[in-house]
Every structure is written in structure tokens, then in C-alpha cells.
4 protein chains.
Amino acid sequence: MKKLTRQRLHEIIFEADTKAGKIFDEFLLVFILLSVLIVILDSVQSFKEAVKNTFYILEWIFTIIFTIEYVTRIYVTRKPLKYIFSFYGLIDLLAIVPTYLSLLFIGAKTMVVIRIIRLLRVFRILKLMQFMRATEYLVASIKRSQYKILVFMMFISLIVVVLGSLVYLVEGPEHGFNSIPKSIYWAIVTLTTVGYGDISPQTVAGQAIASIVMLIGYAIIAVPTGIITSELIQGHKSKSTNTQVCHHCHDSDHVDDAHFCKTCGRALHEDEEKKI
Amino acid sequence: MKKLTRQRLHEIIFEADTKAGKIFDEFLLVFILLSVLIVILDSVQSFKEAVKNTFYILEWIFTIIFTIEYVTRIYVTRKPLKYIFSFYGLIDLLAIVPTYLSLLFIGAKTMVVIRIIRLLRVFRILKLMQFMRATEYLVASIKRSQYKILVFMMFISLIVVVLGSLVYLVEGPEHGFNSIPKSIYWAIVTLTTVGYGDISPQTVAGQAIASIVMLIGYAIIAVPTGIITSELIQGHKSKSTNTQVCHHCHDSDHVDDAHFCKTCGRALHEDEEKKI
Amino acid sequence: MKKLTRQRLHEIIFEADTKAGKIFDEFLLVFILLSVLIVILDSVQSFKEAVKNTFYILEWIFTIIFTIEYVTRIYVTRKPLKYIFSFYGLIDLLAIVPTYLSLLFIGAKTMVVIRIIRLLRVFRILKLMQFMRATEYLVASIKRSQYKILVFMMFISLIVVVLGSLVYLVEGPEHGFNSIPKSIYWAIVTLTTVGYGDISPQTVAGQAIASIVMLIGYAIIAVPTGIITSELIQGHKSKSTNTQVCHHCHDSDHVDDAHFCKTCGRALHEDEEKKI
Amino acid sequence: MKKLTRQRLHEIIFEADTKAGKIFDEFLLVFILLSVLIVILDSVQSFKEAVKNTFYILEWIFTIIFTIEYVTRIYVTRKPLKYIFSFYGLIDLLAIVPTYLSLLFIGAKTMVVIRIIRLLRVFRILKLMQFMRATEYLVASIKRSQYKILVFMMFISLIVVVLGSLVYLVEGPEHGFNSIPKSIYWAIVTLTTVGYGDISPQTVAGQAIASIVMLIGYAIIAVPTGIITSELIQGHKSKSTNTQVCHHCHDSDHVDDAHFCKTCGRALHEDEEKKI
């Protein structure tokens, strides 16, 4: 009996196939989002002063809920250690630790961001079927193009370092370019077309180099887009290539107008077999 | 006789297939654009003072025209209630109500934006054939990729919340990052490469995180572009391949203007078979 | 003899197939670029003061060259009026008129921009073969997707007008949003991710709307990109579909693995004809 | 024996196929990155003051290492002159010269950027197989679309020059547009959606033109993206389609792992024919 409960709990907490499992996931999702929302609103001075106690109490309620959840997760898994040191295991722990630590260290602002990391737990809902496939599809496409993207990133780094240094030389500290790292920062701001305008070139030469950085940044965005797009289309195609399966050797992935199996040479359809 | 007029009016007002219907739509389009233009210009102080009375009179003329149109629409539809509570029904009502309300509440600035909503009525002209197909095509492509786009949006939200909070921690209120919501706003401004520059990181650590946000924003734009593009191409393909199947060899994927099977050479349609 | 010279001149000036024609085009290109460069540099105060006379003389030299060219073009064409009122004919005239007019109206600054329009003449070199094809290809792709792009533009306009007005309402004149046209300008600056930062929302509600505008602008760029890309790929394909031409009915555009003409049903290759 | 060592050294230094060669490349990569990092950090005033001597010594250590490497490279190549005047030969020289020159000319800030150029040596690691292919693939796609990109660039230049001049005329020096080159700079900042905000139009006409520049910049990015994407997809296809042709029916376009013809069912390779 106890065995069954444990397995049942495992299904509910870790999986999303049963109805109870889906409801559990949805509740958890709401709790996570609410608890993150509280962390965010807590940072607004006016809010904090108005409802400080409410936030404090809610934070503890969510922490206790998450603690119960965490302990249950450890209890129901066959291999508790494996779960504890898994990616989600650590995030689950990080979701509850800061609140307990805040009892010891009063006013530790750093805790805020650690509490925000709870948001990563939201990604658990990706195990829902439709998201799963979409995510896998996107990740697979990005993975397949990793070397191309790396070459692109190297090229970007090179432009940013070399042209950033050049502008440092041309503009100098008097126009805000007071070190190469800052100039590289400016080059990134410019190349990515963000353009804060907190530092901007004042000399003609500096503006000429800036124009080059901008035009490169504007045109070169086509490259990662092209890479990802062509991989996504590729992914589409390999998915859409057809569903014929040879009756003899069970080979699949035939092209759309194939009449004979490309692997064993026998007819893919019986009626054609007779024709021969 | 009266019955006929009503049906005829329905054709003119709700459809765009007859000549009268097209002319009606074009007039309406001009009226809508003009009335919106007046609302826009009315907000410019110098204009308002110069021609206030003209604007006031024009606004009433357009409102009366739209009121007549609205009443006629209710009159000619078989199911008036269905129209009234439909999307366009509500927008048609919103187009006339603010002017009448302004008689009661003098100087209600909020009315301005409600009057702008008239612009949504312009989308009615999408019922014109060419736009219809283009719109359907775009909407279908976006719908097909909805889960991928949702995963992408979740990822964007995560980056914006986590990195925004991190910068809030690093920079602090003294550099303008005085709450997490404001830091998240900054992160959105940066990630989308808008870059107002009203708040920008001043510390080295803040600028380093900002650089990461920028580069992510710059590179990751490739993902939605890739998704939409691959869906649009997919849409293109499924539209241009054709469903004809040869009666003799069952070969498919014929081009649109094929009359004979590309594999066995026999006629695709029986009537053409006779022609030979 | 005169007839011949005229025809020969026509070939040289209007075409780019003969060697003389190419050399003429190249010289003209250099002259145009130089004359535009002078207009640009002439606007820089320090340059102007240093070399004013040189610029003045050069400007007259180029004007005389272009005048001779213009007169010759009129002389060699069969239908001078058609040339004069053609797009390039008008631009050729605009290239020389401002300098002559400057004798009458001293210091007319407006002339400067008209003189810049000379630059449009550079597009003449597109008649060189490689550019021709590339241009046609791009223009054809953009034309084919015109309705989709128009729908997209309407959607952009709607967002910009409605959300711009909303921010005008929320922020008001005290934060720089002093009229709806200015708020629409701000919305365009934000949606296109330019983000000058000269006007930026200060209230929480304004920043929330701004965030929505930014995210829409960031995500929606995928749509025109997808449209153009899918059309360009389509163009590629229709170009790559094969070169087989039926020996019997001269129909082309067969798919790559067609054995029989899709129009008349006869074999595309003689050897297959025998096989039947 | 000496011959062997030289050839062996050549393999290690110039190639990346042997294990020693890979280790050498990896060490070199670390040295290059470290030496560039020192140049960058050296420009930060606070760092410089704290550890000036360390940086000075490290710089000399790296210079000596690179000098030894450079001399060895000259020693092991068959054609030293060809190497010396090759692209990488010159960069290798530029990597060591500035440090020696700094002995003669004290405080030459220009040297800094020349030392940064060392970073280009990093591209040597592209000879590693996976990067090689990715790079070639990207470069080939860009090359194939060069004319289209050139036409696009011409169009961009035209917009930037003509609309930049127009805004110069409309806004004038009192709003920061004090010369045409500066206005062109502004137009580039706007078109590429960078938007520093250091110069921005103040008049209604100026803001209207700016809006047009922004919308063009926002929409037109689709064109290079479309060009590159369609070329990348083209590249994908030509790579993944296969050159096998059936000996019997001459059908082609078989998928990569096809052993039998998809049209007539016979073996694609004779040796496999025997296997049956």
C-alpha cells in the first residue's frame, strides 16, 4: 500500500501524463509565478512600505509549500542523491534556502536574485507534450548549427575588440572612451544596434568607424538568422519526408515519389510488385 | 420590395463583391482615416487653437455619418444582436459613443484614445480579396508555430527577469536601477536592442551583464525569424504542390498545370484522354 | 555618316554592351560620385572656408560636363520628348538646373539637396549585367509579396497609432509626450528598436506599454523577413526548376524527374520514347 | 635527421592533424588570448597603476615567445618569402614588432591597436576541421550573393545620403545637424536602428523624415537576411542531394543512403547487384 502511494506520488509530482499530475503542475506553476512576483514587487520601495508584512508572510507560506514539495520529491524518487544533485534538484533547493538564510543574515540583498532563480522551475512545465516537441525542435536546430554560430561569434568578438580599440585610440578619454574595455562595451552597444548613447563618438574619424560598426552590425544579423532558419527548414523537411516503410526491410525515409525501397530494392507497394 | 432593399443594403454594407459594395467600403475607409486624422491633429496645441471649431464640427459630421451607418447595419442584419456583440459591432459602437459622451463629461481626455480605436475599423477592408488571402496566409503561419513562439517568449521572459534582477543587484538605485520592475524594463529595452539610454549601467560588472543581454538579444532574434520563415516556406510549398493523382500509375506531386502524368505519360483527367 | 555617329553615340551613352559604352559609364560614375562628394564636403563649414573657390569651380566644371551629356542624350535619342520626361531624363535635368539657378537666387540652401539627387543617376550603372539580374531578382521577390507586406504595414501603423495615443494619455505633456503625432513618432522610434531616448516614458504604466511596443517590434520583424525570404527562395526554386523542353509542344517548367511532358504526354527524351 | 625535424616542426606548427600539432595550436591560442587580454587591461588606468611592471614583463615574455615562433615558422617553411608576405605572415610580424618599437618610441599609444591585431592570429585555429567547413560554407553563401548584397548596399547608401541631406536642410545646424556628413552619420545611426540620440530631429518635418528612415531601416533588414538565408538553404540542398545516377533508368536525386534506384528498383552500384 505504502509502495503504491509512493509510486503514485512520483507520477503526480514528476510526470504530467495523469490528470492529477497535470493539476499538480498547474498549481505549482501558479505558486512559482506568484512567489517570483512577490520578490519583484518587494523591491519597489513604495510597495514594500505599504505591505511589508503581507509580503513577508506570503514569502514564508510559499517557502513552506516549496519545502514540503522538495522533501516529498526526495522521498518519492528511487535515487534521492541523483535528484538532489540534478539541475532541477539544485534549483528546487535554491528556491527555499534563501528564505531560511534570511533568518540568519538580516538584510542580505543578494538573496533577492537567488530567490528569482525560482523562475527556472517554470521550465518544468515544458514537459507538457506540445512544449516538449517545440523545445526539442528548436534546441536540435541550434545544436546542428553550433560550429557556424561559433565561427560567427568569433568574428563578432574580433570586430568588437579591434574596432573598439581603434575608436579608443581615435576618441580618447576626453570623449568618454577612457579604457579599451569601455570602448569594447561601446562597440557591443553599437554593433548590436542597441545604441544607448551614454558614450558616443564625437570626432569625424570616430563617427566614421562607428558608421562601419553599425553597418556591419545591421547587415551581419542576416548570418545567424540565415543559419538558424536554414536549420529549422532542414528540420522541417526531415520531419516531412515521407512515412512509407518498406514491407521487406522496414527501411523508412524514402523520398516522396519512390516506388522501390532504396535499401532492398523491392517494391514499396504491393500493386507495383505485381506490375513487374 | 422592402425586403429586397434590405438585402441589397446588406450586400453593399457588409460585402465587397458588388461594385456598390466596393465604393461604399472605399468611402467608409476615407471617412475613418479622416476622422482619426482629426483626432490626432486635435491633440496638437497649436492646431487646436487655430481651428478648434472646424475640428469640432467635422468630428460631429463624422459621428453622425458613423451613427447612420451603425443603425443601418443593425437594421439590415438578420441577427442584430449577434452583430452588436461581435468584434466589429463593438468597435463600430466605440467609434460613435465617445463623441456623444463628450456632451456629458466635458474635457474627458480619455475619450481621445477611445476615438482612436476607430482605426481598427480599417481592418474591415481586409475583406478585399487580395488582402484576405495574404492575411490568412500570415495568420496561419503564425498559428502553426505558436508553441515554438511561446517557448521562445518564455525564454525571453526568463532572461529579462533573471538578468534584470542581477543588474539591479549590481548597479543599485544610485545608477537609476531603483527597483526590480525598473531593471526588468531596462533589460527589455536592452534585449530588444531599443536602447533608450535613460537608464544604463555604470559599473564594470553592470556593463558586462548588459553586454551579455545585448549579444543574446542580437543573436536570438534569429529564432522567431527562423520559425516564421520556415512556416511561411512550408505554407508556400503545401499551397503550390498539387493534389492530382494519376489514375494509371498513381503518381502524385504534379505541377499545377500538368495535364499528363509525369511518370507514365497518360492523361490526368479522363476528358482530356478523349481529346487525344 | 551623321546617322551612324548618332547611332554610335546612342550605343555609347545609353547602352553598356560595347567597350566604349562601358568606359563612358565608368567615367560618368566617377564624375557623379565626385560631384556629390563636393556637395557633401561643401556643407562642412571648415572645408567651405578653406577651399570655397575650388569647390565653386569644380561644381561648374561638373555642371558643364553634365550639361553637354544631357544635350547629347537629347540629340541622340529618336524620341527626345520621351527621354526628357522619363525618370532618368528628369533626374539628368535636376542634376544641372540647381547650379544655373544659383546664379539667379544667391544662397538658396534648398539647392543643395536637389544637387544631391544627382546620386540617383548612379543607378544607371545597374544596367551592367550582373547588377541587372540581381536587381530584377530582388524587385520581383518584393513585388510578389506586396499584399503581405501591405497587410504588415497596416498592422504596424495600427500599433503605432493606437499604442502611441495610449502612451500620450498615460504620460502626458509633462514627460515630453505633448501631442499624439509626437507620441506616434515615439512609438515608431520604439517599435523599430531605434530608441533615441529623447522622449521616453517615465511612469510605470508608460514603461509597461513601452515594453509591449518593444517586444512587438522585436518579434514582428520576423514577419517581413519571413515574407521576403520565402519569396527569394521561391524565386531561387523557380529558377532552378529544370530546363527540359518538350520536343513536341515546347512546353517547359517540368519537374526534375519528369519523363513525360506534363502538357502533351509525350516522352521528354527520345530514348524513352523507344522504350514505350 | 635534421630534415626530418624540420618537416616534423612544419607539421606541428602549420598543421593541425597530428596530436602535437593540435597541442601546439591550443597553447598558441591561450598565449594569444592572454597577450591580447593584457593589452586590453593595460588600458584601464587603475589596473595599469597597480600592476604596471607585471604587465610590462608579461608583454615581453609573450613577445619573445611569438618571436621564437615567428623565426621557427620562417625556418621550417620551404618558401620563407612566401610565408613572410602572406596574410598570416604579416600578422605574425605585426604581433611582435610593436613591442620592439616601443623601446625606441616611448609612449606611442598607436602601438596599442597594432598589438590588438594579434587577435587575428586566433583565426588560425579555424584550420581545425569543424570550423573549416562551417567557415567555408558561410563564406561561399556570402560570395554567391555578392551582387545582390552590393545592390542592397548601393540602395542603403542612396537612402542615407539623400535623406540625410534632406534632414540637414530641414533641421539645420541649430539642432545639431551642422553639416551633410554629420547628417549622413545621423541617417546611418537611424537606419541601422542604433539610435544613439546624440543628434535627433526636433522639428515636425525632421521627425517625419526620421520616421521614414526608421521604417525603411526596420523593414529593409529583411532583404539581406532573405538573401543570405536563401543562399544558405541553397547550399544545404546542393550538399545534401546526391550525385548517384541509376545505371538502368538514369534516375538521379537519390537520397544519401540509397542502394537501389527509387524509380526502377535496380541496384545503384554493381557490387551490390552481385550481393542480391
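Residues numbered from 1 in each chain as written. Chains lettered and ligands numbered in written order. Predicted model: local features only at pLDDT ≥ 70, side-chain atom pairs only at ≥ 80, totals over all residues. Heavy atoms only, no water.

1. So, the overall build of chain A
- Each helix and strand in chain A was counted, giving 12 helices and 0 strands.
- Taken from N to C terminus, the helices and strands of chain A fall in the order α-α-α-α-α-α-α-α-α-α-α-α.
- A total of 276 residues make up chain A; the buried ones form 49% of that total.
- For chain A, the computed accessible surface area is about 13,500 Å², with 68% contributed by carbon and sulfur atoms. (Helix = DSSP H or I, 4+ residues; strand = E, 2+ residues; numbered from the N terminus. Buried < 20%, exposed > 50% of the residue type's maximum accessible area, 1.4 Å probe, protein only. Areas by Shrake-Rupley, 256 points an atom, 1.4 Å probe, with all protein chains shown as cover.)

2. Some remarks on a nonpolar patch on the surface
Residue and element names in this part refer to chain A.
- A cluster of nonpolar side chains, namely Y56, I57, L58, I61, I64, I68, Y100, L103, L104 and F105, defines an oily patch on the protein surface of about 990 Å² accessible area.
- Among the elements of the structure, α3 (45–76) and α5 (87–104) are those that each provide at least two residues to the nonpolar patch.
- It is α3 that provides the largest number of residues to the nonpolar patch, a total of 6 residues.
- Relative to the assigned elements, I57 resides in helix α3. (Patch = residues over 30% accessible without salt bridge, like charges linked within 9 Å, V, L, I, M, F, W, Y side chains within 5 Å. Salt bridge = Lys/Arg side-chain N within 4 Å of Asp/Glu carboxyl O.)

3. Thoughts on the relation of the copies chain B and chain D
- Overlay of chain B on chain D (RMSD 0.1 Å): rotation 180°, translation along the axis 0.0 Å. The transformation just described matches what one would write down for a two-fold rotation axis. (Least-squares fit on C-alpha atoms with pLDDT ≥ 70 in both.)

4. With respect to the packing of helix α9 (residues 180–191) of chain A against helix α10 (residues 204–220) of chain B
- Look at α9 of chain A against α10 of chain B: their axes get within 9 Å of each other, and the N-to-C directions meet at 25°. Considering their axes alone, α9 of chain A and α10 of chain B lie roughly parallel with respect to each other. Relative to α10 of chain B, the crossing made by α9 of chain A is left-handed. In this structure, α9 of chain A uses K182, Y185, I188, V189 and L191 of chain A to contact α10 of chain B, whose residues at the interface are Q207, A210, S211, M214, L215 and Y218 of chain B.
- When its residues are assigned to classes, the contact of α9 of chain A with α10 of chain B shows 8 nonpolar, 2 polar and 1 charged. (Axes fitted to C-alpha atoms, helices over the stretch in contact; angles between N-to-C directions. Parallel < 35°, antiparallel > 145°, perpendicular 65-115°, else oblique. Left-handed = near helix turned anticlockwise from the far one by under 90°. Contact = heavy atoms within 4.5 Å. Nonpolar A, V, L, I, M, F, W, Y, C, P; charged D, E, K, R; others polar.)

5. A look at the interface of chain B and chain D
- Taken together, the contact between chain B and chain D spans 4 residues of the former and 4 residues of the latter.
- Interface area for chain B against chain D, summed over the two sides, is near 210 Å², with a carbon-plus-sulfur share of 45%.
- At the junction of chain B and chain D, the tally comes to 0 salt bridges.
- Counting across the interface, chain B meets chain D through 0 residue pairs in polar contact (both at pLDDT 80 or more). (Buried area = accessible area lost by both parts, 1.4 Å probe. Polar contact = N/O pair within 3.5 Å; in protein donor to acceptor, adjacent residues only side chain to side chain.)

6. Some details on the side chain of T229 of chain B
- Position of T229 of chain B among the secondary structure elements: in helix α11 (residues 222–240).
- Among the residues examined, T229 of chain B registers a relative accessible area of 0% and is labelled buried.
- Apart from the residues within four sequence positions on either side, T229 of chain B is in contact with T229 of chain A together with T225, G226 and T229 of chain C.

7. Quick look at the domain arrangement of chain A
- For chain A, the assigned domains read domain 1 (2–126) and domain 2 (146–232).
- Computed over C-alpha atoms only, the centres of domain 1 of chain A and domain 2 of chain A are separated by 40 Å. (Domains from an automatic or database assignment.)

8. Overview of the packing of aromatic side chains
- Counted under the stated rule, the structure contains 28 aromatic pairs over all chains.
- Geometrically, the ring pair formed by F27 of chain B and F31 of chain B is tilted, given 6.2 Å between the ring centres and 55° between the ring planes. Linking F27 of chain B with F31 of chain B, this pair stays in helix α2 (residues 19–42), spanning 4 residues, or about one helical turn.
- Judged by its relative accessible area of 24%, F31 of chain B falls in the partly exposed class.
- An aromatic cluster is present here, built from F27, F31, F62 and F66 of chain A joined pairwise through their rings.
- Against the face of F66 of chain A rests R121 of chain A, its NZ or CZ located 4.8 Å from the ring centre. (Phe/Tyr/Trp six-rings, centres within 6.5 Å; stacked < 30°, edge-to-face > 60°. Lys NZ or Arg CZ within 6 Å of the ring centre and 35° of its normal.)

9. With respect to the side chain of T190 of chain C
- Along the chain, T190 of chain C falls in helix α9 (residues 180–191).
- Among the residues examined, T190 of chain C registers a relative accessible area of 0% and is labelled buried.
- Filtering out sequence-adjacent residues up to four positions away, T190 of chain C remains in contact with V194 and Y196 of chain B together with A210, V213 and M214 of chain C.

10. Quick look at the packing of helix α8 (residues 146–171) of chain D against helix α10 (residues 204–220) of chain D
Residue and element names in this part refer to chain D.
- Interaxial distance between α8 and α10 falls to 9 Å at its minimum, and their mutual angle equals 165°. Looking at the two axes, α8 sits roughly antiparallel to α10. The crossing of α8 and α10 is left-handed. Contact with α8, carried on its side by F152, F155, I156, I159, L163, L166, V167, V170 and E171, involves A205, G206, Q207, I209, I212, V213, I216 and I220 of α10 and no other residues of that element.
- Of the residues in the contact of α8 with α10, the class split is 14 nonpolar, 2 polar and 1 charged.

11. Quick word on the pattern of salt bridges
- Going through the model one piece at a time under the given rule, you end up with 32 salt bridges over all chains.
- One salt bridge in this structure joins R73 of chain A and D92 of chain A, with 3.8 Å as the shortest N-O distance. Of the two residues, R73 of chain A is situated in helix α3 and D92 of chain A in helix α5; the sequence distance between them amounts to 19 residues. Each member of the pair, R73 of chain A together with D92 of chain A, is buried.
- Ionic pairing is found between D92 of chain D and R121 of chain D, a salt bridge with its closest N-O pair at 2.7 Å. With D92 of chain D in helix α5 (residues 87–104) and R121 of chain D in the loop between α6 (110–116) and α7 (129–144), this residue pair connects regions lying 29 residues apart in the sequence.
- Members of the salt-bridge network, linked through shared partners, are E69, R73, D92 and R121 of chain A.

12. What about the environment of V36 of chain A?
- Mapped onto the fold, V36 of chain A is located in helix α2 (residues 19–42).
- When its relative accessible area of 4% is taken as the criterion, V36 of chain A is described as buried.
- Between the C-alpha atoms of V36 of chain A and I220 of chain A, which are 184 residues apart in sequence, the distance is 37 Å.
- If we skip the residues at most four places from it in the chain, V36 of chain A touches I116, R118 and L119 of chain A together with V161 of chain B.

13. Points about helix α2 (residues 19–42) of chain C
- Its 24 residues give α2 of chain C an end-to-end C-alpha distance of 35 Å, which sits within 8% of 34 Å, the value for a rise of 1.5 Å per residue.
- Every buried residue of α2 of chain C is listed here: G21, D25, L28, I32, S35, V36, I38, V39, I40 and D42 of chain C. (Expected span 1.5 Å × (residues − 1).)

14. Digging into the confidence of the model for chain A
Residue and element names in this part refer to chain A.
- On average, residues of chain A carry a pLDDT of 80, and 79% of them reach 70 or more.
- Mean pLDDT values for the elements of chain A range from 52 in helix α12 (residues 270–275) up to 93 in α9.
- Model confidence for the complex: the whole-complex pTM is 0.82, and ipTM, which rates the interface, is 0.82. (pLDDT = per-residue confidence, 0-100.)

15. Looking at the environment of E11 of chain B
- Position of E11 of chain B among the secondary structure elements: in helix α1 (residues 2–14).
- Note: C-alpha distance between E11 of chain B and R78 of chain B (67 residues apart in sequence) is 12 Å.

16. What to know about helix α5 (residues 87–104) of chain B
All names here are of chain B.
- Taking 1.5 Å per residue, 18 residues should reach 26 Å; α5 reaches 26 Å between its end C-alpha atoms and fits that length.
- At V97, α5 shows its largest bend, some 30°, and a proline, P98, comes one to four positions later.
- For α5, the full list of buried residues reads G89, I91, D92, A95, I96, P98 and T99. (Bend = angle between axes of the 7 residues up to and from the residue.)

17. Considerations on the environment of D92 of chain C
- With a relative accessible area of 2%, D92 of chain C lands in the buried category.
- Spatially, the C-alpha atom of D92 of chain C lies 8.9 Å from that of E69 of chain C, the residues being 23 residues apart in sequence.

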